[in-house]
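Analysis of the macromolecular model
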Amino acid sequence: MSRPHPLAGILAFSAWIALSVACSALLLPPAPLLKTVVWGASVLLFAAAVVAPHRSLPLAGLAVAVSGVSSLAFGLEHPAVVAPVPLAAWLAGGALRAIYDVERPAARHGLTPLWRAVAAVSGLSALSAWVGARTAYLLLRGVPPPRVVNGLGLDAADALAGTLAVLAALLVAAGFHAAAVRAGRDARGALHLDATIVLVALVAGGTAFLQRLGALPHLRAPHWEEWGRAQSTFTDPSAAGVAAALLLAPCLARAASGPWGLRVAAAAGAAGLLVLLADAGSRGGFLGALVSVLVLVLWAGTR
């Protein structure tokens, strides 16, 4: 097994650090305590990825699970895009560790090249969207917002932050896919990967269950409260529904095999995800969950 060139690790490390810094500067709200917690979590995840890339997967999953409502927990009225900051720091730590891993296998197989291609094309699209939102004439002359007003009366003041949030999500997804491919190449890494999925389901589903019992308060934007929809630990009910649909199939699959402790946790997580789906009221989530279970049944019957 050949050692990857260290320049690739240096470039990846620098890119993830740059993404984390950019998201911190443009996406985090002006809340000192929230920023301090996010930066502290980022440093912790970075160090964990350097020391133990595979064993720190559940820690990164926990950051994904709780970041959606972190801004609401600190008193803000609307959720903020927080997750890319600590997750990019975790990926930066993994990239730094990769420089010193002599026998580290490359992750270029499966969907990794496709994810990278999507991220690259999305970067060009993001740049054109931002320039188009401001228009090149006003961009070159530094005209302050508002610049473009649509039918709803909204201008392009948040074009850069919104574009960066979407692009960061794609880049982090590509990085996580590559990390998951590497982790899944040995039995211990695959177990850490399964534990990460189950942990996210347990945190999200358990929070929804405790909220249903009244043991935990609902953290949500005012308009979602008026509509009677809940989001558990995610940014909004629609995102919660889609996340539950994606998590349901692997949790059910893990509940049917593997160590008993992980099977029980996966079953509890799947049950909590059903409560989350009911509270979220997401049609996409319900349809996705049905498709997910159907695919799982067909896979189990034909494997």
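Description of the structure in this document. Every chain is numbered on its own, with residues counted from 1 as its sequence reads. Only residues with pLDDT of 70 or above have their local features reported here, since the model is predicted, and side-chain atom pairs are shown and tallied only from 80 upward, although totals for entire chains, interfaces and linings are computed over all residues. The side-chain values count all of the structure's non-hydrogen atoms but skip hydrogen atoms and water molecules.

Focus: the pattern of salt bridges
Applied cut-off: Counted as salt bridges are all cases of a side-chain nitrogen of Lys or Arg within 4 Å of a carboxyl oxygen of Asp or Glu. Strands here are runs of E lasting at least two residues and helices are runs of H or I lasting at least four, both read from the DSSP assignment and numbered beginning at the N terminus.
All told, the structure shown has 2 salt bridges when counted by the stated rule. A salt bridge links aspartate 194 to arginine 254; its shortest N-O distance comes to 2.3 Å. Of the two residues, aspartate 194 sits in helix H9 (residues 187–213) while arginine 254 sits in helix H11 (residues 237–255), which places them 60 residues apart along the sequence.

Re the environment of leucine 290
As for its position among the elements, leucine 290 is in helix H13 (residues 283–302). Along the sequence, leucine 290 and alanine 245 sit 45 residues apart, while their C-alpha atoms lie 7.9 Å from each other.

Quick notes on the side chain of serine 282
As a reminder of what qualifies: N or O atoms closer than or at 3.5 Å make up a polar contact, with two conditions inside protein: a donor-capable atom paired with an acceptor-capable one, and, for residues adjacent in sequence, both atoms drawn from side chains. Here a residue-residue contact requires only that any non-hydrogen atoms of the pair lie within 4.5 Å.
Residue placement: serine 282 occurs in the loop between helix H12 (260–280) and H13. Here glycine 285 takes part through its backbone nitrogen, which lies 3.0 Å from a polar atom of the side chain of serine 282. Each residue touching serine 282, except ones within four places of it in the same chain, is listed here: Arg229, Pro237, Ser238, Gly241 and Leu277.

With respect to H9
This is how the line gets drawn: Between the first and last residue of a helix there are one fewer steps than residues, each counted as 1.5 Å, and that sum is the expected span. Three labels apply to residues, based on accessible area from a 1.4 Å probe with only protein chains included: buried if under 20% of the type maximum, exposed if over 50%, partly exposed otherwise in between.
Over its 27 residues, H9 runs 38 Å from end to end, which matches the ideal 39 Å to within 8%, given 1.5 Å per residue. Here H9 has its buried residues at Gly189, His192, Thr196, Val198, Val200, Ala201, Val203, Ala204, Gly205, Thr207, Ala208 and Gln211. Its side-chain oxygen 3.2 Å from the backbone nitrogen of arginine 188, aspartate 186 forms the N-cap of H9.

Considering unusual backbone geometry
Positioned with a positive phi, serine 232 is a non-glycine residue whose angle comes to about 55°. Among the structural elements, serine 232 can be located in the loop between helix H10 (222–226) and H11. Classification of serine 232 as buried rests on a relative accessible area of 4%.

Thoughts on the packing of aromatic side chains
The condition that has to hold: Geometry of aromatic contacts follows a simple scheme: Phe, Tyr and Trp rings, the Trp one being its six-membered ring, pair when their centres are within 6.5 Å, and the pair is stacked under 30 degrees between planes, edge-to-face over 60, tilted otherwise. Here, a charge over a ring is recorded when the distance from Lys NZ or Arg CZ to the ring centre is within 6 Å and its angle to the ring normal is within 35 degrees.
Counted under the stated rule, the structure contains 3 aromatic pairs. Taken together, a centroid distance of 5.2 Å and an interplanar angle of 85° make the contact between tryptophan 224 and tryptophan 227 edge-to-face. For tryptophan 227, a relative accessible area of 57% gives the class exposed. Lying across the ring of tryptophan 260, arginine 263 places its NZ or CZ 4.2 Å from the centre.

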